Amino acid sequence: MGTRREPTARQRRLGAELRRLREAAGFSAREAAALLSVNSVQISQIESGIAGVSEERLRRLASHYACTDREFIDALVAMATDRTRGWWEEYRWRLPTSFLDLAELDHHATFRHEVAILYVPGPLQTEDYARAVFSARVPELTADELEMRVRHRMARKRTDFPYKLVIHEAALRIRVGNRATSRAQLTTLLNSSEADDITVRIIPFDLDDFGLAAGTMTYVGGPVARLDTVVRDAPHGSAFVDAEAQLGAYRMRFRKIEAASLEPERSRDFINRLIKEL
């Protein structure tokens, strides 16, 4: 199997999980290579996502690493054997890789928990709102780049999985575009909150002692909890967090924020009042 020029975040995650299993079992890369009758360079390539791994080899490694979590191993096999070429592939080499990685993460998500402080999140953005967000980028995008990002953002609006959004009042009041854009965005958010699989909760400005509103977070569920992912904003794209200890901390953080926010019905009333103000 040949090496990849640019592995996706999903391929890198598979490699990282195999590396964690090897290190937890106390094997060196050279020892793991001997199990597959390959050299240590090939193990390094597999663990960095540059090279793929067959189901038979993956299961052999998992067995030698004494991993007995069948659901986890099956999920890794699914990642290793997946040959999906999703809609996002049409944007390869045309948009930053992080855009494609986010779309692929959405495609395989089992649920999504999100905390938004300054913007309405991508899955619930209107086209005009998304265009206003991308138009504010520095340095300024060309007209073609802007439209391509908006088109990609609209294609990413998949929410056919349980989606919990906790959004700060600041994100609802900041006029990313003009008054009409803001009103349309709030109306879309309100309508979306009525869907069976979408829960929207508001963090009002007057909530006491709320130091957790320090930044956004997106927690995306994997096929098993060990394959969950947290997406954080980074200066040059998005950063994926997948260390088990950090995932646990983010799960706890979301539960605390969710518990402090307004109930869904009160949140809908809150959004409706803001719409009337506009």
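Parameters at a glance
- By convention here, each chain's residues receive numbers from 1 onward along its written sequence.
- Totals for whole chains, interfaces and linings use all residues, but because this is a predicted model, local features are given only for residues with pLDDT of at least 70 and pairs of side-chain atoms are given and counted only at 80 or more.
- Water and hydrogen atoms were dropped before computing side-chain values, which therefore reflect all heavy atoms in the structure.
- For the exposure calls, accessible area comes from a 1.4 Å probe over protein chains only, and a residue counts as buried if that area is under 20% of its type's maximum, exposed if over 50%, partly exposed in between.
- By the criteria applied, helices consist of DSSP H or I runs no shorter than four residues and strands consist of E runs no shorter than two, each listed in order from the N terminus.
- Ring geometry is summarised as follows: Phe, Tyr and Trp rings, the Trp one being its six-membered ring, pair when their centres sit within 6.5 Å, and such pairs are stacked at plane angles under 30 degrees, edge-to-face over 60 and tilted between the two.
- Between Lys or Arg on one side and Asp or Glu on the other, a salt bridge is scored when a side-chain nitrogen of the former is within 4 Å of a carboxyl oxygen of the latter.
- DSSP-based pairing: two strands are paired if at least 2 bridges between them are found.
- Each nonpolar core is a collection of buried residues, namely Ala, Val, Leu, Ile, Met, Phe, Trp, Tyr and Cys, held together in the definition by side-chain atoms within 4.5 Å.
- Contacts were defined at the residue level, with two residues in contact if any of their heavy atoms lie within 4.5 Å.

1. Let's talk about helix H6 (residues 97–107)
Here comes step 1: The buried fraction of H6 amounts to nine of the eleven residues, a majority that puts the element mostly inside the structure.
Here comes step 2: For H6, the full list of buried residues reads Ser 98, Phe 99, Leu 100, Asp 101, Leu 102, Ala 103, Glu 104, Leu 105 and Asp 106.

2. Here's the deal with the packing of aromatic side chains
Here comes step 1: Counted by the stated rule, this structure contains five aromatic pairs.
Here comes step 2: Centre to centre, the rings of Phe 99 and Phe 134 are 6.4 Å apart; their planes meet at 35°, and the pair counts as tilted. One end of the pair, Phe 99, is in helix H6; the other, Phe 134, is in helix H7 (residues 127–135), with 35 residues separating them in the sequence. Taken as a pair, Phe 99 and Phe 134 share a single burial class, namely buried.
Here comes step 3: Aromatic pair Phe 111 and Tyr 219: ring centres 6.1 Å apart, planes at 10°, arrangement stacked. Taken together, the positions of Phe 111 in the loop between H6 and strand E1 (112–116) and Tyr 219 in strand E4 (residues 217–220) put the pair 108 residues apart, joining distant regions of the chain.
Here comes step 4: Given the relative accessible area of 22%, Phe 111 is considered partly exposed.
Here comes step 5: What makes Tyr 219 buried here is its relative accessible area of 2%.

3. Thoughts on unusual backbone geometry
Here comes step 1: Between Val 138 and the following residue, Pro 139, the backbone shows a cis peptide bond with an omega angle of 0°.
Here comes step 2: For Pro 139, the position within the fold is in the loop between H7 and helix H8 (143–155).
Here comes step 3: Look at Ala 66: it is not a glycine, yet its phi comes out positive at around 60°.
Here comes step 4: By the element assignment, Ala 66 lies in the loop between helix H4 (55–64) and helix H5 (70–81).

4. A look at the pattern of salt bridges
Here comes step 1: As enumerated under the stated definition, the model contains 26 salt bridges in all.
Here comes step 2: Salt-bridge contacts for Arg 112 lead to Asp 106; the nearest nitrogen and oxygen are separated by 2.9 Å. Residue Arg 112 shares its accessibility class with Asp 106, and that shared class is buried.
Here comes step 3: Residue Glu 114 is joined to Arg 112 by a salt bridge in which the shortest nitrogen-to-oxygen separation is 2.9 Å.
Here comes step 4: On the accessibility criterion, Arg 112 (6% relative accessible area) is buried.
Here comes step 5: Through salt bridges with shared partners, one network takes in Arg 13, Glu 17, Arg 20 and Asp 242.

5. Side note on the pairing of strand E2 (residues 163–168)
Remember that side chains alternate between the two faces of the sheet whenever the strand is regular.
Here comes step 1: Most of E2 sits inside the fold, with five of its six residues counted as buried.
Here comes step 2: In this sheet, E2 lies alongside E1 in parallel orientation, the contact comprising five bridges. Bridged to Ala 116 within E2 is Ile 167.
Here comes step 3: Taken together, the six bridges between E2 and strand E3 (residues 198–203) define a ladder with parallel strand orientation.

6. Quick look at the nonpolar core
As a rule of thumb, soluble globular proteins bury nonpolar side chains together.
Here comes step 1: Ranked by internal contacts, the top residues of the largest apolar core, which has 30 residues, are Leu 165, Ile 167, Leu 172, Leu 189, Val 200, Ile 202 and Ile 271.
Here comes step 2: When contributions to this core are tallied by element, the ones reaching two or more residues are H6, H7, E2, helix H9 (169–173), helix H10 (179–192), E3 and helix H12 (264–277).
Here comes step 3: For this core, the leading source of residues is H12, giving four residues.
Here comes step 4: Setting aside residues no more than four positions away along its own chain, Leu 189 makes contact with Leu 124, Leu 165, Ile 167, Leu 172, Val 200 and Ile 271.
Here comes step 5: Core analysis: the next-biggest nonpolar cluster, separate from the first, contains 25 residues, Leu 36, Ile 46, Ala 75 and Met 79 among them.

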